[in-house]
Amino acid sequence: MAIATATQAQEEKHVQWKGQESSELTPPVTPPCTTDDELAFADLPPCTTDDELAFADLPPFPSDIPTAPLLRISLSKLLAGSQEEEERLWKACCDLGFFYLDLRDDKDGGKGDERLLEDAASLFEVAKEVFDLPVAEKVKYDFKEKGSYYGYKGYGDGVIDKEGTKDRNEFYNTSKDDILNQTDPLPAPQLLHPHRPLFSSFIHHSHAIVTLILSILNTRLGLPASTLQSKHRLCAVSGDQVRFVKAPAQPADDRQTALGEHTDFGSVTVLFNRLGGLQVRVPGSGAWTFVRPLRGHAVVNLGDAVAKFTAGLLRSNIHRVVSPPGQQAALARYSLVYFARPEDDVVLKRLRGSRLVDEKVAGAGGEAAGEEEEVSSKEWILRRALGRRGVG
């Protein structure tokens, strides 16, 4: 397994990678992130793609559409301890909050996580089976009236703006704690039962990536060892989940936003999709730009919890989902997501012990932290998740 064979040097540098605890090295001197909106994207070139990164069995993403300036970060280089790659990860997390993570093994023998790519491909097929079930069967697993955001959300059962406009997608959310037998199992469609080992593998591999990212950010922030990782333990009860999403093709004369503008309310999101439709709002310009799907890559972004922990030093960026561009608009759009969130009892407030975070607050005249609300991760997630469904 590629992740399990990370070099000893990397294991000593980052903690909790595949469950192995070790000590962190002394944090390197890290310059503050660029905060001037005019400068934030000065050296982030648009992603260029080639046939190697396209999905050959799908209509092409239009070549004439401007795309978001996401950096491409190599997992294999992060695992090898590349300081240059870690610096690029840090910059992406500060400036845009979104980046591509190349999961493929590299040509020089470096290992990514091909197993995660295989699991994702298999789960896309499972998602299609779930959404093909009769509506009467799927709604049995809508648990919003029980105060749960797990299970099924039907097409149009959420709102995308304050006017109450209905969304245009379906969700099916599977709890990490259910799959790992850390809580009582939730009712689920029969067809999902044989796939629990697949879910477990996908969760373990996705969470290992989350832990690596948090470890690198923890070091760059100069926080005490394992501060961020200790709030996101795989074995602890949390709101972590796997989400299937289906956005059916919309009529050519009535193409609306499928999922309204929002920020993610967890810590780290690992997204797999094959069709366009995801758009991010570029800080400074406010322009909406498409994120081009790349084969062999995940799209990773940070959420509100990490922004709260760092007084906004790390960015939780606004994004939305619209109809895919060009010929892709004729197809249903499927997505697969792993949402990593802080453990249920973690209080979402600024972390102490980081010089960079303290300087961020001081530079804002102490306003960056503001009057911090004492809210637990569980309460925050329930508010955000169920609020869009008209509950509470």
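Everything here concerns the structure above.
The rules behind these values
Residues numbered from 1 in each chain as written. Predicted model: local features only at pLDDT ≥ 70, side-chain atom pairs only at ≥ 80, totals over all residues. Heavy atoms only, no water. Pairing = 2+ DSSP bridges. Helix = DSSP H or I, 4+ residues; strand = E, 2+ residues; numbered from the N terminus. Buried < 20%, exposed > 50% of the residue type's maximum accessible area, 1.4 Å probe, protein only.

**Notes on the pairing of strand S8 (residues 278-281)**
The two faces of a sheet get side chains in turn, since along a regular strand they alternate between them. For S8 and strand S11 (residues 319-321), the ladder comprises 3 bridges, and the chain directions are antiparallel. Each bridged residue has a counterpart across the sheet, and for valine 280 the counterpart in S11 is histidine 319. Following S8, the chain reverses through 6 residues before pairing antiparallel with strand S9 (residues 288-290); glycine 284 in that reversal takes a positive phi of roughly 95 degrees.

**Describing unusual backbone geometry**
Of note, serine 226 is a non-glycine position whose phi angle comes to about 65 degrees, a positive value. Among the structural elements, serine 226 can be located in the loop between helix H7 (196-221) and strand S5 (241-247). Not every positive phi belongs to a glycine, and alanine 311 is a case in point at roughly 55 degrees. For alanine 311, a relative accessible area of 9% corresponds to the buried category.

**Notes on the environment of threonine 219**
With respect to the helices and strands, the residue threonine 219 is situated in helix H7. For threonine 219, a relative accessible area of 6% puts it in the buried group. Sequence separation between threonine 219 and serine 354 is 135 residues, and the spatial gap between their C-alpha atoms is 9.7 Å.

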